[in-house]
Amino acid sequence: VEIELLQTIPGVAYDSAVGIISEIGADMQQFSSDQHLSSWAGMSPGSNESGGKKKVQPPSTEQTPAINLVESAWGATRKKDGYLKRKYQSLVPRRGKKKAIVAVGHKIIIAAYHVIKEKEAYKEPVLHNNPKRRAKQVNNLLNKLSELGVVVKQIEIISAA
């Protein structure tokens with residue numbers, strides 16, 4: 001049952017779901033939170049630099065959950081459209097491809113925690129379509145166009161929702 005539920009997460013195929021279940025199990029009582037599971041699986045974000053010096057992490061012998069999640073993350077970024085793909089695309093310019101993939105893997109393990117714990121299929125997070133934010137974005141884009149010398153006739157925007 002858990003394997004079928006995990007497959008509802010974008011990028012998680014049958015083999016990945018089996019790997020996740022075999023590594024973390026089907027009982028989420030052993031993890032106090034989704035962040036605890038993420039840390040245990042080696043997918044927590046971390047700062048390995050202090051004062052300009054990078055801390056060297058010893059190589060981990062237990063990398064199976066992280067490798068499995070990174071493979072699933074690559075699959076999620078190849079889906080048509082979705083939250084995980086948008087997350088990846090928003091992080092790549094700032095962080096680079098590899099760090100963005102690890103971030104998507106982090107999102108997948110957190111989703112897996114909730115899917116297994118609540119025994120419910122994955123639900124895509126709802127995007128908040130804030131009209132004020134959208135108007136601000138439109139104004140910023142119009143200002144950029146005018147700075148480039150493009151004359152734009154402003155029209156009223158009617159939201160579809």
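Whatever comes next refers back to the structure up there.
Residues numbered from 1 in each chain as written. Predicted model: local features only at pLDDT ≥ 70, side-chain atom pairs only at ≥ 80, totals over all residues. Heavy atoms only, no water.

Describing the overall build of the chain
So, step 1. Across its full length, the chain holds 7 helices and 2 strands.
So, step 2. Listing each helix as α and each strand as β along the chain from the N terminus yields α-α-α-β-β-α-α-α-α.
So, step 3. Taking all 161 residues of the chain together, 29% fall into the buried category.
So, step 4. Across the chain, every contact between residues at least 6 apart in sequence was considered, and the portion connecting residues at least 24 apart equals 64%.
So, step 5. Of the accessible surface of the chain, which amounts to about 11,600 Å², a share of 53% is contributed by carbon and sulfur atoms. (Helix = DSSP H or I, 4+ residues; strand = E, 2+ residues; numbered from the N terminus. Buried < 20%, exposed > 50% of the residue type's maximum accessible area, 1.4 Å probe, protein only. Contact = heavy atoms within 4.5 Å. Areas by Shrake-Rupley, 256 points an atom, 1.4 Å probe, with all protein chains shown as cover.)

Focus: the nonpolar core
So, step 1. Formed by 32 residues in total, the largest nonpolar core has its most connected members in L6, I9 and I108.
So, step 2. Sort the elements by how many residues they give to this core and helix 6 (residues 97-118) lands first, with 11 residues.
So, step 3. Look past the residues within four positions of I9 in its chain and what remains in contact with it is L84, I108, A111, A112, V115 and Y122. (Core = buried A, V, L, I, M, F, W, Y, C linked by side-chain atoms within 4.5 Å.)

A few points about the pattern of salt bridges
One side chain can pair with another of opposite charge once the charged atoms of both are near each other.
So, step 1. Enumeration over the complete set of coordinates arrives at 3 salt bridges.
So, step 2. With its nearest N and O atoms 3.4 Å apart, the salt bridge here joins D81 to R86.
So, step 3. The residue E120 makes a salt bridge to K123 at a minimum N-O spacing of 2.8 Å.
So, step 4. We classify E120 as partly exposed; its relative accessible area is 40%. (Salt bridge = Lys/Arg side-chain N within 4 Å of Asp/Glu carboxyl O.)

With respect to a nonpolar patch on the surface
So, step 1. Taken together, the side chains of L145, L148, V150 and V152 present a nonpolar region at the surface, about 340 Å² in accessible area.
So, step 2. The residue L145 is located in helix 7 (residues 131-147) in this model. (Patch = residues over 30% accessible without salt bridge, like charges linked within 9 Å, V, L, I, M, F, W, Y side chains within 5 Å.)

Considerations on the side chain of S72
So, step 1. Checked against the element boundaries, S72 lands in helix 4 (residues 64-77).
So, step 2. Given the relative accessible area of 1%, S72 is considered buried.
So, step 3. Apart from residues lying up to four places away in sequence, S72 is in contact with P10, G11, V12, S16 and I108.

Section: unusual backbone geometry
So, step 1. Within the chain, K119 stands out as a residue other than glycine whose phi angle is a positive 55°.
So, step 2. Within the secondary structure, K119 sits in the loop between helix 6 and helix 7.
So, step 3. The exposure class assigned to K119 is partly exposed, which follows from its relative accessible area of 44%.

A closer look at the packing of helix 5 (residues 83-95) against helix 6
So, step 1. Two numbers describe how helix 5 lies on helix 6: the axes approach to 8 Å, and their chain directions differ by 150°. When you trace helix 5 past helix 6, the crossing you get is right-handed. Facing helix 5, whose interface residues are Y83, L84, K87, Y88, L91, V92 and R95, helix 6 presents K97, K99, A100, I101, A103, V104, K107 and I108.
So, step 2. Its residues placed into classes, the contact of helix 5 with helix 6 shows 10 nonpolar, no polar and 5 charged. (Axes fitted to C-alpha atoms, helices over the stretch in contact; angles between N-to-C directions. Left-handed = near helix turned anticlockwise from the far one by under 90°. Nonpolar A, V, L, I, M, F, W, Y, C, P; charged D, E, K, R; others polar.)

Structural notes on helix 5
So, step 1. For helix 5, spanning 13 residues, the distance from its first C-alpha to its last is 18 Å, which sits close to the expected 18 Å at 1.5 Å a residue.
So, step 2. L84, K85, Y88 and L91 are the residues of helix 5 that are buried. Seen along its axis, helix 5 keeps its buried residues to an arc of 135°; they face one direction. Away from its buried face, by an angle of more than 90 degrees, helix 5 presents the exposed residues P93 and R94.
So, step 3. G96 sits one or two residues past helix 5 and shows a positive phi near 100°. (Expected span 1.5 Å × (residues − 1). Arc of directions from axis to C-beta.)

Overview of the environment of H36
So, step 1. Following the sequence through the fold, H36 ends up in helix 3 (residues 34-40).
So, step 2. H36 sits 77 residues away from Y113 along the chain, and the two C-alpha atoms are 10.0 Å apart.
So, step 3. Those residues within four positions of H36 in sequence are excluded, and the remaining contacts are Q30 and F31.

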